[in-house]
Amino acid sequence: MLEKMERHDFDKVFGIMEDSFPIDEFRTYGEQKALLDHPCYQIYVARGQEGEGIKAFLTIWEFEEIIFIEHFAVEPSRRGSGMGSRMLGELSELPAALGKRICLEVEPPQDELTSRRVGFYERNGFFLNKCSYMQPAISKGKRSIPLFIMTSGGQIDEKEFNKIKTLLYTEVYGVLEKKGR
């Protein structure tokens, strides 16, 4: 079910992204497409029945110690079908993910929708870490967002949380300088 996205499918993926995320949670079309050339960035897709096209996607960053899910969305017509759970299961079985912690950002569970989202990830083996975290503005003109980090394999301590946060701030969001520069 899970396969690497072909470049010609980017517009479909970006359309699902626009329909699934608030404007402050994704980059502009050009910025998002430019990430396809980044060595750590990858998009995986799930297609529907034969001829139906892309129905869901995951954007991930593959690092030495972790896999970071930056975006994960399923078309509304497929939500509740088990597709998302199957995708997360397949992601954890990819050679690049073996032996690595998988992490992602979620909104604090403050209402029914955000609580259901956290519950979905918990049912799929993720743990909510309640350390203070602010996702930096993903693009110029966008706002920072208070979020939580969820991780596979159990909750993390403050030391590991700070290590993940520093990695994301440096590699994904570019708000911290890389060491050695």
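All figures in this text were calculated on a predicted structure; none of them were measured in a lab.

Engineer: Explain the environment of Tyr41 to me, please; I cannot follow it from the model alone.
Structural biologist: Residue position: Tyr41 is located in strand S2 (residues 41-47). Since its relative accessible area comes to 4%, Tyr41 is described here as buried. Note: C-alpha distance between Tyr41 and Gly153 (112 residues apart in sequence) is 22 Å. The residues contacting Tyr41, other than those within four sequence positions of it, are Gln32, Leu35, Leu36, Thr59, Ile60, Trp61 and Glu70. A polar side-chain atom of Tyr41 sits 3.0 Å from a polar atom in the side chain of Gln32.

Engineer: Could you clarify how one ought to interpret the side chain of Glu105 in this entry?
Structural biologist: Here Glu105 is to be found in strand S5 (residues 101-106). At 8.5 Å, Arg27 is the nearest oppositely charged side chain to Glu105, a buried residue that forms no salt bridge. A distance of 2.5 Å separates polar atoms of two side chains, one belonging to Glu105 and the other to Tyr133. Within the structure, Glu105 has its side chain in polar contact with the side chain of Gln135 (distance 2.9 Å). The residues contacting Glu105, other than those within four sequence positions of it, are Phe68, Ile69, Tyr133, Gln135, Leu147, Phe148, Ile149, Leu168 and Tyr173.

Engineer: Is there a simple way to think about the sheet that holds strand S1 (residues 2-4) in this case?
Structural biologist: Two pairing modes exist for strands in a sheet, parallel and antiparallel, and in both the strands are linked by backbone hydrogen bonds. Across the sheet, seven strands lie side by side as S1-S2-S3-S4-S5-S7-S6; this open sheet has mixed pairing. Only two strands of the sheet have a single neighbouring strand rather than two, namely S1 and strand S6 (126-135). Adjacent strand axes in the sheet meet at a mean angle of 30 degrees, parallel and antiparallel pairs treated alike. Contacts from helix H4 (residues 112-123) reach strand S4 (66-74), S5, S6 and strand S7 (145-152), with the element oriented near 130 degrees to S6. Each of strand S3 (54-62), S4, S5, S6 and S7 touches helix H5 (residues 158-172); the most contacted strand, S6, lies at about 55 degrees to it.

Engineer: How do you make sense of the side chain of Arg101 when you look at a structure like this?
Structural biologist: Looking at where Arg101 falls in the secondary structure, it is placed in strand S5. Here Glu160 takes part through its side chain, which lies 3.0 Å from a polar atom of the side chain of Arg101. Excluding anything up to four places from it in sequence, Arg101 contacts Glu65, Ile66, Ile67, Thr151, Ser152, Gly153, Gly154, Ile156, Glu160 and Ile164.

Engineer: I tried to follow the packing of aromatic side chains on my own but got confused; where do I start?
Structural biologist: Two aromatic rings are characterised by how far apart their centres lie and by the angle between their planes. Under the criterion given, the structure shown has twelve aromatic pairs. Ring centres of Tyr41 and Trp61 lie 5.2 Å apart, and the angle between their planes is 65 degrees; this geometry places the pair in the edge-to-face category. Of this pair, Tyr41 sits in strand S2 while Trp61 sits in strand S3, and the two are 20 residues apart along the sequence. Aromatic side chains Tyr121 and Phe126 sit 5.8 Å apart centroid to centroid with 75 degrees between the ring planes, which places their arrangement in the edge-to-face category. For the pair shown, Tyr121 and Phe126 are each scored as buried. Every member of this aromatic cluster is reached through a ring pair, and the members are Phe10, Phe14, Phe26 and Tyr29. When the ring centre of Phe26 is taken as reference, the NZ or CZ atom of Lys142 above it lies at 4.7 Å.

The rules behind these values
- Residues numbered from 1 in each chain as written.
- Predicted model: local features only at pLDDT ≥ 70, side-chain atom pairs only at ≥ 80, totals over all residues.
- Heavy atoms only, no water.
- Helix = DSSP H or I, 4+ residues; strand = E, 2+ residues; numbered from the N terminus.
- Buried < 20%, exposed > 50% of the residue type's maximum accessible area, 1.4 Å probe, protein only.
- Contact = heavy atoms within 4.5 Å.
- Polar contact = N/O pair within 3.5 Å; in protein donor to acceptor, adjacent residues only side chain to side chain.
- Lys, Arg positive; Asp, Glu negative; His and termini not counted.
- Salt bridge = Lys/Arg side-chain N within 4 Å of Asp/Glu carboxyl O.
- Pairing = 2+ DSSP bridges.
- Axes fitted to C-alpha atoms, helices over the stretch in contact; angles between N-to-C directions.
- Phe/Tyr/Trp six-rings, centres within 6.5 Å; stacked < 30°, edge-to-face > 60°.
- Lys NZ or Arg CZ within 6 Å of the ring centre and 35° of its normal.

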